[in-house]
Amino acid sequence: MREGGDILLVHPSNQLGMHSGVPLCTAYLAAALERNGFSVQAIDLQLDSEKDLRKALRQAPRVIGVTVYAYSLLACRRIARLARSISPRSVILLGGAQATLDTPGTFEAIPEAHCLIQGEGDVALPAFVGHILRGASMEECRTAVPSLRSPNTPDLLTLPDLCDIETLPFASAAFHL
């Protein structure tokens, strides 16, 4: 876990008591963010403790990104509640399969979230973070990042074609986190 950053990425515990290695989704997103010049901190709650999460939240990252799976909805709600209480000025962003496939249900389960990104975040997340760091409003962010949704606009969209996979950074570029 590296300290500080523009964005904190949080991967929930799999609640099965097993660890399968570095979460590749987190590593890919961190590598894409770092490639775009952002500082990133990652917390994997399968390895890191709640104490580590609290410490990271006290550093008030501008954006807190939480990966959501169907099995982790309750854990993600606890993460979002904790984030709101410790770092109230941070933007809480959700992503992952659950957020993409059931956007309205994800917002209902995690009402503390400000927004979510549907689909692949490798391009959308750095664009969103860039806009937030420049002081853009959520509406400006939504215009610039078509896959961004808020609780007021949870409508589904037709996901754009994936970007050229050859342009994505390798996840191993972020294994230092």
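These lines cover the structure that appears in this document, whether it is placed above or below.

Calculation criteria
- Residues numbered from 1 in each chain as written.
- Predicted model: local features only at pLDDT ≥ 70, side-chain atom pairs only at ≥ 80, totals over all residues.
- Heavy atoms only, no water.
- Helix = DSSP H or I, 4+ residues; strand = E, 2+ residues; numbered from the N terminus.
- Expected span 1.5 Å × (residues − 1).
- Buried < 20%, exposed > 50% of the residue type's maximum accessible area, 1.4 Å probe, protein only.
- Contact = heavy atoms within 4.5 Å.
- Pairing = 2+ DSSP bridges.
- Right-handed = clockwise from strand over helix to strand, strands pointing away.
- Axes fitted to C-alpha atoms, helices over the stretch in contact; angles between N-to-C directions.
- Parallel < 35°, antiparallel > 145°, perpendicular 65-115°, else oblique.
- Left-handed = near helix turned anticlockwise from the far one by under 90°.
- Nonpolar A, V, L, I, M, F, W, Y, C, P; charged D, E, K, R; others polar.

**Quick notes on helix H6 (residues 121-133)**
Across its 13 residues, H6 extends 17 Å between first and last C-alpha, which sits within 8% of the 18 Å expected from 1.5 Å per residue. Where H6 terminates, the next one or two residues include Gly135, which has phi positive at roughly 85°.

**With respect to helix H1 (residues 24-35)**
With twelve residues, H1 should cover 16 Å at 1.5 Å per step; its first-to-last C-alpha distance of 16 Å lies within 8% of that length. Listed as buried for H1 are Thr26, Ala27, Leu29, Ala30, Ala31, Ala32 and Leu33. Turning to H1, the residues buried within the fold contact strand E1 (7-11), strand E2 (40-44), strand E3 (63-67) and H6. Looking at the residues trailing H1, positive phi occurs at Gly37, about 90°.

**Structural notes on the pairing of strand E4 (residues 91-95)**
Looking along a regular strand, one sees side chains alternate from face to face of the sheet. Within E4, five of the five residues are buried, leaving the element largely enclosed by the surrounding structure. Of the two faces of E4, the one carrying Val91, Leu93 and Gly95 and the one carrying Ile92 and Leu94 are both buried. Strand direction decides the pairing type here: E3 and E4, joined by five bridges, are parallel. Paired with Val63 across the two strands is Val91, which belongs to E4. The handedness of the E3 to E4 crossover, carried by helix H3 (residues 73-86), is right-handed. Both E4 and strand E5 (residues 115-117) contribute to a ladder of two bridges, which runs parallel. Bridging from a neighbouring strand, Leu93 pairs with Cys115 of E5.

**Focus on the environment of Asp155**
The residue Asp155 is located in the segment after strand E6 (148-149) in this model. Here the alpha-carbon distance between Asp155 and Pro104, two residues 51 residues apart in the chain, equals 7.5 Å. With residues near it in sequence (within four places) discarded, Asp155 still touches Gln118, Arg142 and Arg149.

**Thoughts on the packing of helix H2 (residues 50-58) against H3**
Their axes nearest at 9 Å, the elements H2 and H3 cross at an angle of 40°. As far as their axial angle goes, H3 and H2 are oblique. In this structure, H2 meets H3 at a crossing whose hand is right-handed. Counted together, Glu50, Leu53, Arg54, Leu57 and Arg58 of H2 and Ile79, Leu82, Ala83 and Ile86 of H3 form the full contact between these two elements. Of the residues in the contact of H2 with H3, the class split is six nonpolar, no polar and three charged.

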